[in-house]
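Residue-level structural notes
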Amino acid sequence: MTLQFINAEKRIHDSIVFPSFNLTVKPGQAVAIYSSVNVREQLMEVLLENSRLSGGEVRVSGSSYIKSKQQLGFLFLHHGLYERLSIVEMIRFTKQLYTSNLSIEDTLHMVQLDSKWKVKIKELSYSERRRVQLACLLVQNPSYYIFEEADQNLDLESKRIFLTVLQDLKEQEKGVLILTGNMESAVTAGDDVFRLDDNGLHSIQTRDTLEDQSAADEISVTAESVLPVRFEKIPTKVNEKIVLFDPPEIDYVESNEGQSFLHIKGEGFPTNFTLNELEGRLLPFGFFRCHRSYIVNLQKVREVITWTRNSYSLVLDDTEKSTIPLSKTKMVELKEMLGL
C-alpha cells in the first residue's frame, strides 16, 4: 500500500508551479516536502481534488486516486472546528462521520486533552485547538496522513505531542506526508526530506547527529589509508540532524556574534564553519566576501545600490529581496571583477 506521485506536474497558465516529479510514500514512513506557500497550496488543492495536475497522476495502493482517496486523512493549517462544541463533542461528531474503531478516550489521551474533555473549543489556546484537530484526524483512522504545516506556531508541549503521535503512526505502519515551508519542521519530522520548487523535486540529505557520532566511533583507520576527498556540500545542524546544502542553494552567509548562518530561501541555518573558512570553501562557486560579516552568492545579486559616496548595498533576487551591506573597499574589488 503506497501513496504515489507519478510524473506529477502543475502549471498555472504559462508559469511552472512544479515540474514533473516522482515520489512514493510507503507505510511506516514519514516524508516531508519543503516548499513555498504556493507549491504547498497547489499540492493540497490537487490532493483535495479542487484542482487537477497539468500532467501525471496520484495513485493510492496502485489504484486511481478517485477510487482510493478515502484512505487519506488531512490536517489543515486552518482549522474547521465548531467553536461552540466541547472537545469531546467535536471528536464524537467527527467519529460519527467515519467508520473508525478508535475510542474517543484513547484519542483524547494521545493528544493529552483528556483532562479538558468538557472544555468548549472557543476557550482553548491556538495550540490546544490544533491538538483537537489532530484528535479529529486520528479518530478517522486513515491509512495515509497529510499534514499541512502541522507544527506551525505550536507551543513546545504541543510540538512534543505531535512528534510522539507521528512516531506512533509510523509504528502502526501508517504513511505520512508532511507539507511545510519550514526547514526545521521538515527535518525534525521527516524520515526523508525533499525540496519541491519550480526546479523540481530534490532530496535534502540529512543524518542524525547521534548516528554520525556513533559511526565515527566505529571507524578506525590509519592516516596513511585515508585518501583526500573533495566534499563540496556545507553542513548545518537542525536539532539533532545534520543537513547538507549544495553551495548554489545558498543566497548569502552572515556572521553574527561569532556564529555563521547560511541563508537559504528566507531561512537561516547555523554552521560550525567560520566566515573565513566558508569564504575559502565557497569562492570556487561564485561567492564574494562583500563585507567583514557577509559572503554573498553573486549569482543571486540583482542590483547594486549606492546610498552615499561610501555606502553601498547588494539587493538579492531571492524571495525576501534581501539587502546585503557592501563595504567601500569591497565595492572597488567588485567593480574590478565586473570590469567596470
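Here is a short report on the structure shown in this document. (Residues numbered from 1 in each chain as written. Predicted model: local features only at pLDDT ≥ 70, side-chain atom pairs only at ≥ 80, totals over all residues. Heavy atoms only, no water.)

**A few points about the pairing of strand β13 (residues 252–256)**
Alignment of β13 against strand β14 (residues 259–264), held across five bridges, turns out to be antiparallel. Among the inter-strand pairings, Y252 is bridged to a residue of β14, identified as H263. Pairing between β13 and strand β17 (residues 294–297): three bridges, direction antiparallel. Residue pairing across strands places V253 opposite I295, the latter belonging to β17. (Pairing = 2+ DSSP bridges. Helix = DSSP H or I, 4+ residues; strand = E, 2+ residues; numbered from the N terminus.)

**Quick word on a nonpolar patch on the surface**
A grouping of Y82, F93, L97 and Y98 is seen on the molecular surface, where their side chains present a nonpolar patch of about 420 Å² in accessible area. The topology assignment puts L97 in the loop between α3 (87–96) and α4 (104–110). What makes L97 exposed here is its relative accessible area of 56%. (Patch = residues over 30% accessible without salt bridge, like charges linked within 9 Å, V, L, I, M, F, W, Y side chains within 5 Å. Areas by Shrake-Rupley, 256 points an atom, 1.4 Å probe, with all protein chains shown as cover. Salt bridge = Lys/Arg side-chain N within 4 Å of Asp/Glu carboxyl O. Buried < 20%, exposed > 50% of the residue type's maximum accessible area, 1.4 Å probe, protein only.)

**Considerations on empty space enclosed by the protein**
Taken as a whole, this structure holds two cavities of 30 Å³ or more when the rule is applied. As a volume, the largest cavity reaches approximately 70 Å³. In terms of lining, the largest cavity is formed by L75, R130, R131, L134, A150, L154, S158, I161 and F162. Elements with a minimum of two residues in the lining of the largest cavity: α5 (126–140) and α6 (156–171). Taken as a whole, the second largest cavity holds about 40 Å³ of empty space. For the second largest cavity, the full set of lining residues is E149, A150, D151, F162, I178, T180, S185 and A189. At the level of secondary structure, the elements contributing two or more residues to the lining of the second largest cavity comprise β8 (175–180) and α7 (183–189). Of the residues that constitute the lining of the second largest cavity, the class distribution is four nonpolar, two polar and two charged. (1 Å grid on protein atoms, 1.4 Å probe; cavity = no way out; pocket = protein on both sides within 12 Å on 5 of 7 lines; lining within 4 Å. Points joined across faces, edges and corners; volume = space filled by probe spheres on them. Nonpolar A, V, L, I, M, F, W, Y, C, P; charged D, E, K, R; others polar.)

**Structural notes on the environment of A135**
Tracing the backbone through its elements, the reader meets A135 in helix α5. Along the sequence, A135 and I104 sit 31 residues apart, while their C-alpha atoms lie 8.6 Å from each other. Setting aside chain neighbours within four positions, we find A135 in contact with I91, T107 and V111. (Contact = heavy atoms within 4.5 Å.)

**A short note on the pattern of salt bridges**
When the charged atoms of two side chains with opposite charge come close together, those side chains can pair. In the structure shown here, the tally under the stated rule is 17 salt bridges. Between E149 and R40 there is a salt bridge, with the nearest N and O atoms lying 3.1 Å from each other. Residue E149 is located in the loop between β7 (144–148) and α6, and its partner R40 is located in helix α1 (residues 37–47); the two are separated by 109 residues in the primary sequence. Like R40, E149 is buried. For the salt bridge of K330 with E333, the shortest nitrogen-to-oxygen distance reads 3.5 Å. Here K330 pairs with E333, and both are found in helix α10 (residues 328–338), just three residues apart, close to one helical turn.

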